[in-house]
Amino acid sequence: MTLIPPLSPDRLYRPCDTGHFTFTTTAELDDLSEGIGQMRAIDAAHFGIGMRHAGYNVYVMGRPGSGRRFLIRQLLDRRVGGEAKPPDWCYVHNFDQPHKPRAIQLPAGMGTRFHADMQHLVAELQATIPAVFEGEEYRRRLSQIDEEYSERQTQAFGEVGDEAVKQGVTLLRTPNGFSFAPMKKNEVMSPDDYDALPQEEKTRIEQAIASLQEQLEKVIRQVHQWRRERIERVRMLNEEVVLFAVGHLIDDLRRDYADFPVVCGYLNEVQQNVIESVDEFRHPKEGMSALAALSSELPDFSRFRVNLFVARDGTEGAPVVYEDHPTYQNLMGRVEHVSQLGALVTNFMLVKPGALHQANGGYLLLDAFKLLSQPFSWEGLKRALSTREIRIESLGQMVSLVSTVSLEPEPIPLDAKVILIGNRMLYYLLAQYDPEFGELFKVAADFEDDVVRSADNDLLYARLVGTMVRRDTLRPFDRGAVARVIEHSARRAEDAEKVSTHMESLADLVREADYWAAQETREVVTRDDVERAIEAQIKRSDRLRDRSHEAILRGILHIDTDGERVGQVNGLSVFQLGDFSFAQPSRITANTRLGDGELVDIQREVKLGGSIHSKGVLILSSFLASRYAAEQPLSLAASLVFEQTYGQVEGDSASVAELCALLSSLANVPIRQSFAVTGSVDQFGRVQAIGAVNEKIEGYFDICKQRGLTGSQGVLIPASNVAHLMLRRDVVDAAATGRFHIYAVATVDEALELLTGIPVGTPETDGSLDQRVAQRLEHLAELRRKYAKKIGLGAVGRPGNGDE
């Protein structure tokens, strides 16, 4: 038997070679304008941003903190400066349908000007119109119309009166109107005198009065017609006066906005409404009645003003908007209300824009998780992108929660690129379950979690550190400090041949290293400062790790690190607490006995085992059957358990350890407790890679170190995990001096030989582990045959004739 040797110290940690760094400090390096190793994502983002056709919106995916938003924002900032400014948008009063404000599009900057021009016009109207109507000219012309009307009326009634006098009748004016009475000597005849008249005279007077009554009725009808003519003439006079006073102001606006027919049409409506509302200008309201409070026509003449909805003043190029709180209203806009006399009222001036309006003509960045967390926001965004228009709707009315009168603003055409930033899981869920997602977000920009370690990428990483240093006004890093940052990034990537692209953790490390350099009053950050920052990060988070290790060292959790035990092995468990992970050994035990091939996973039976862990147990069960019972029933019963665990066990990284414990119990061969084992196994006995290999090795090392390193202790890991090793310096030093060992095993046989000191061999090899297992299984099979014969069953458990 030839045991595999432990890994050499140079394979336990890959240092960064500072020899290919030509700089002394990062102050000498240029800024890095693009991410490291993100060309696939950047190319996809370039394509999505540049493609102007419908549906080519972008979903940017990657780990939170990977710098996705920062890099996308950089791409946009470089692009938008050369793009044209999008137009301004205004809402104005709709004189035909006041509940449907009209949207007006104007070139960038013109909206502000139009808003100011209408403000000025309203002020001029309020000042000029009352003054004109108080002027002498208006009073004279109005008086002339009134005199003319009065003269015609007086003349008409006078003619009727004269005719009545000729016929001995007088025309009387009473509070109730006009009446006729007979006369005698220029005085109204008394009833007695009238009764004394001959019948012929009475008849004549009655006939005369009837004739005069007809004439009077004709005059009265004529007077009504004259009154209407007077009112029309006064109206025309008022219109003439108003046009004379302010018509030139509106004419000037028409000339200024002659290139915008929509504005000119609106100004025509304004002029007409000013003429119709001249009395409001002549007699401004001192206070508002209850009815006026519920009306949209406010005494400050808001209907003539302009709601500058979206203005592009002070901006260059296309807008880039990031909405941090994408509620439905923040995204789509809203109609606000004000309380007046206990009622909620609104008008077009209270229509407010959303993020889509602000980003129209440019780019809108949204966090996918926050968007999907807000009710109706996702559906509203999809509707806007599908119809290519932004429609402001009251959320309360949509779900029939309120009946408050609201507005229906005219929809605004949408021309914006929406960029969602989220994780991969959300992207794949949306792609699977939302049929509209693929139609609206055709471009995926997938950011890498790590990149290959190379001399070129190391230099780019150094430039990235220098960029962060200058951005946050920190001390420059020397070559040793940059090298330690790169090494730590490789550790975070869990791969010695790669470095992490997680920008947030990198920035935290850079800032904290600068802090410790300041504590030592150094002008340049050194490797020691970076090392101290890493240690401080761990120290702030390792309280539970210390308590866990304390329980092992005090014997509360039973873990052996020396001696030998049958059916017992040290596995390694990883705990993730926020951003901090640590490992500790777990005692795995196995028992075997006579049975019918059943392998009991106690964790699964009590529902403390996850599905992946259960899969690993079933795989090792298959391995046992295929190697030792390919042509006969497996006559054993076995049980496996993680001792002293009281929570969920998940993952298959302990399946090698479980298989070794099981075979140890079968062969009755003890396992060295100075070793810990990690790795998963396939049906053919090959050891497969697992995660968190560095934490697992260090977790066992810490226990052994505190108990005392004996030189016999070590950890068995999958050979495919060697490329992932970036161990702590104290572990590497212990391995270099022979006080601790790390073995890389490719098969379960190699692991068994290290753990037991016995060659695995074959069932025919004398003294081999396989022979002992085969002999034990044969013994169990013989016991089973005898038991079956004793109770009258066939060899395979079927009823027999008693002779078998």
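Above this text is the structure in question.
Enquirer: A description of the pattern of salt bridges should follow, citing residues and the corresponding values.
Expert: Charged atoms that come close allow side chains of opposite charge to pair. If you walk through the whole model with that rule in mind, you get 51 salt bridges. The shortest N-O distance in the salt bridge between Arg-627 and Asp-749 comes to 3.0 Å. In this pair, Arg-627 sits in helix H23 (residues 611-628) while Asp-749 sits in helix H27 (residues 748-756), placing the two residues 122 residues apart along the sequence. Accessibility expressed as a relative area gives 30% for Arg-627, which makes it partly exposed. Each of Arg-491, Glu-695, Glu-698, Asp-702, Lys-705, Arg-728 and Asp-730 takes part in salt bridges that share partners, so that together they form one network.

Enquirer: I'd like a description of the packing of aromatic side chains, backed by residues and values.
Expert: One pass over the structure, following the stated rule, counts 22 aromatic pairs. Judged by centre distance (6.2 Å) and plane angle (35°), the rings of Phe-95 and Phe-304 are tilted. Highlighted residues: Phe-95 in the loop between strand S2 (88-92) and strand S3 (102-106) and Phe-304 in the loop between helix H9 (290-293) and strand S7 (307-310), separated in sequence by 209 residues. Phe-304 matches Phe-95 in its accessibility class, with the two residues each being buried. Through successive ring pairs, a cluster of aromatic residues spans Phe-95, Phe-114, Tyr-257, Phe-260, Tyr-266, Phe-301 and Phe-304. Lying across the ring of Phe-70, Arg-471 places its NZ or CZ 5.7 Å from the centre. The ring of Tyr-13 carries Arg-729 above its face, with NZ or CZ at 5.4 Å from the centroid.

Enquirer: Just give me the short version of helix H7 (residues 261-276), but keep the residues and values in it.
Expert: In this model, H7 (16 residues) spans 23 Å end to end at C-alpha, consistent with the 22 Å of a helix rising 1.5 Å per residue. Regarding H7, the residues found buried are Val-263, Cys-264, Tyr-266, Leu-267, Val-270, Gln-271, Asn-273, Val-274 and Ile-275. Its buried side turned inward, H7 meets S2, S3, helix H3 (110-133), helix H6 (199-256) and helix H8 (278-282).

Enquirer: Tell me what's going on with the sheet that holds S3, and back it up with residues and numbers.
Expert: Reading across from one edge, S3-S2-S7 is the order of the three strands in this open sheet, with antiparallel pairing throughout. The outermost strands of the open sheet, each flanked by one partner alone, are S3 and S7. Direction aside, neighbouring strands of the sheet carry axes that sit 35° apart on average. Where S2 meets S7, three bridges bridge the pair, whose relative direction is antiparallel. Pairing of Tyr-91 across the sheet is with Asn-307, part of S7. The strands that H3 touches are S2, S3 and S7; relative to S2, the one it contacts most, it runs at about 30°. Contacts from H7 reach S2 and S3 within the one sheet, and its direction differs from that of S3 by about 135°.

Enquirer: Which residues make up the environment of Pro-87, and what values do they have?
Expert: Relative to the elements of secondary structure, Pro-87 occurs in the loop between helix H2 (68-80) and S2. On a C-alpha basis, the gap between Pro-87 and Thr-26 in space is 44 Å, while along the polypeptide they are 61 residues apart. Each residue touching Pro-87, except ones within four places of it in the same chain, is listed here: Gln-105, Leu-106, Pro-107, Ala-108 and Arg-312.

Enquirer: Residue-level account of the side chain of Arg-587, with values.
Expert: The residue Arg-587 is located in strand S22 (residues 580-594) in this model. Although buried, Arg-587 forms no salt bridge, and the nearest oppositely charged side chain, Glu-643, lies 4.6 Å from it. A polar side-chain atom of Arg-587 sits 2.9 Å from the main-chain carbonyl oxygen of His-558. In this structure Arg-587 touches His-558, Ile-559, Gln-568, Val-569, Val-641, Phe-642, Glu-643 and Gln-644, once residues within four positions along its chain are discounted.

Enquirer: Outline the state of the cysteines, supporting the account with residue identities and numerical values.
Expert: Enumeration according to the criterion identifies zero disulfides in this entry. Here Cys-264 stays free of any disulfide, with the sulfur of Cys-90 as its closest cysteine sulfur at 14 Å. Judged by its relative accessible area of 16%, Cys-264 is buried.

Enquirer: Provide a residue-level description of a nonpolar patch on the surface, including the pertinent values.
Expert: Nonpolar side chains collect at one region of the surface, where Met-425, Leu-429 and Tyr-433 lie side by side and expose about 370 Å² of accessible area between them. Structurally, Tyr-433 is set in helix H15 (residues 424-433).

Enquirer: How would you summarise the sheet that holds strand S6 (residues 187-188) if you had to cite specific residues and measurements?
Expert: Adjacent strands of a sheet pair through backbone hydrogen bonds, lying either parallel or antiparallel. Here three strands make up an open sheet; going across it, the order is S4-S5-S6 and the pairing antiparallel. For this open sheet the edge positions go to strand S4 (169-174) and S6, each flanked by a neighbour on one side alone. As judged from the two bridges shared by strand S5 (residues 177-184) and S6, these two strands associate in the antiparallel manner. Counted as the bridge partner of Lys-184 is Glu-187 from S6. In the packing of helix H4 (residues 136-166) onto the sheet, contacts are made with S4 and S5, and the angle to S4 comes to roughly 140°. Seen against the sheet, H6 touches S4 and S5 and runs at an angle of roughly 150° to S5.

Conventions and cut-offs
Residues numbered from 1 in each chain as written. Predicted model: local features only at pLDDT ≥ 70, side-chain atom pairs only at ≥ 80, totals over all residues. Heavy atoms only, no water. Salt bridge = Lys/Arg side-chain N within 4 Å of Asp/Glu carboxyl O. Helix = DSSP H or I, 4+ residues; strand = E, 2+ residues; numbered from the N terminus. Buried < 20%, exposed > 50% of the residue type's maximum accessible area, 1.4 Å probe, protein only. Phe/Tyr/Trp six-rings, centres within 6.5 Å; stacked < 30°, edge-to-face > 60°. Lys NZ or Arg CZ within 6 Å of the ring centre and 35° of its normal. Expected span 1.5 Å × (residues − 1). Contact = heavy atoms within 4.5 Å. Pairing = 2+ DSSP bridges. Axes fitted to C-alpha atoms, helices over the stretch in contact; angles between N-to-C directions. Lys, Arg positive; Asp, Glu negative; His and termini not counted. Polar contact = N/O pair within 3.5 Å; in protein donor to acceptor, adjacent residues only side chain to side chain. Disulfide = S-S within 2.5 Å. Patch = residues over 30% accessible without salt bridge, like charges linked within 9 Å, V, L, I, M, F, W, Y side chains within 5 Å. Areas by Shrake-Rupley, 256 points an atom, 1.4 Å probe, with all protein chains shown as cover.

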